[in-house]
Amino acid sequence: MMLLCATIAYSQSYEIVQSGLCNSEDPEKAFLVLEVNEKTAQDLYSNSIKYINETYKNPDEVIKVKTENEYLRFDTYVSGFGTVKNSGVKLVTNAKYTIELKFKDGKVRFEITQLDITADNGGLPVTFTGSVWKGYPIYNKKGAVRLPETKQQIESYFNSKISDLLEYLKGEKSSDDNW
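Residues numbered from 1 in each chain as written. Predicted model: local features only at pLDDT ≥ 70, side-chain atom pairs only at ≥ 80, totals over all residues. Heavy atoms only, no water.

1. Considering the confidence of the model for the protein chain
This is how the line gets drawn: Confidence of the predictor at the level of single residues is given by pLDDT, which spans 0 to 100. We call two residues contacting when some pair of their heavy atoms lies within 4.5 Å.
Residue-level pLDDT values for the protein chain average 89, and 91% of them are 70 or greater. Residue range residues 1–10 is modelled with pLDDT below 50. Its contacts to residues more than four positions away, or to other chains, number 2 contacts.

Below you can see the structure in the form of structure tokens.
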């Protein structure tokens, strides 16, 4: 049990604050640095391509920009991303986001550069902070959390995606070859 807690405590993750997604260890930063010791930038880039190829139905369509061994930007659309409460009713949300990866030997800079979440009831946005008349803000204007369940869902989703990507980056996960 103690080992599990230590592993979780030292891994980088995202947290939602009023200004948006941020590094839970350094809220001034919107990016995470994923440490993958003993892997070259080339290995990390190749494993990221493998992750996209095995995770997405149309990998060539999601990759928007790539500079071999240095940079990768790709888009994702998720139908049924989560839920948001509106007057006691849970509405399904969809999300579209862009991830940028920058590669150096032993590490990857991971950043979500664009995130749009909308509810299915006419496309009102889920925002980090703002007015309830313009969408579904997670925080109210005074800084109190309005939608704790939605906040937790978004954080869990992206932190799970980071864990999945890390398995590929480390070379621990790939398609099932035991057939």
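2. Digging into the packing of aromatic side chains
The condition is simple: Think of it this way: a Phe, Tyr or Trp ring, Trp meaning its six-membered ring, pairs with another when their centres are within 6.5 Å, and the plane angle makes it stacked under 30 degrees, edge-to-face over 60, tilted otherwise. Secondary structure counts use DSSP, requiring at least four H or I residues in a row for a helix and at least two E residues in a row for a strand, with both numbered from the N terminus. Throughout, exposure labels follow a simple rule: accessible area from a 1.4 Å probe, protein chains only, divided by the maximum for the residue type, with under 20% read as buried, over 50% as exposed, and the rest as partly exposed. By the criterion adopted, a ring carries a charge over it if an Arg CZ or a Lys NZ lies within 6 Å of its centre and within 35 degrees of its normal.
Taken as a whole, this structure holds 9 aromatic pairs when the rule is applied. On the basis of an interplanar angle of 80° and a centroid distance of 4.9 Å, the ring pair of Y97 and F158 is categorised as edge-to-face. Linking Y97 in strand β6 (residues 89–104) with F158 in helix α4 (residues 148–169), this pair joins segments that are 61 residues apart in sequence. The class of Y97 is buried, set by a relative accessible area of 2%. Centre to centre, the rings of Y157 and F158 are 5.1 Å apart; their planes meet at 85°, and the pair counts as edge-to-face. Cluster of aromatic residues (ring-pair linked, three or more members): F81, Y97, Y157 and F158. The lysine or arginine in question, R109, covers the ring of F31, its NZ or CZ lying 3.7 Å from the ring centre.

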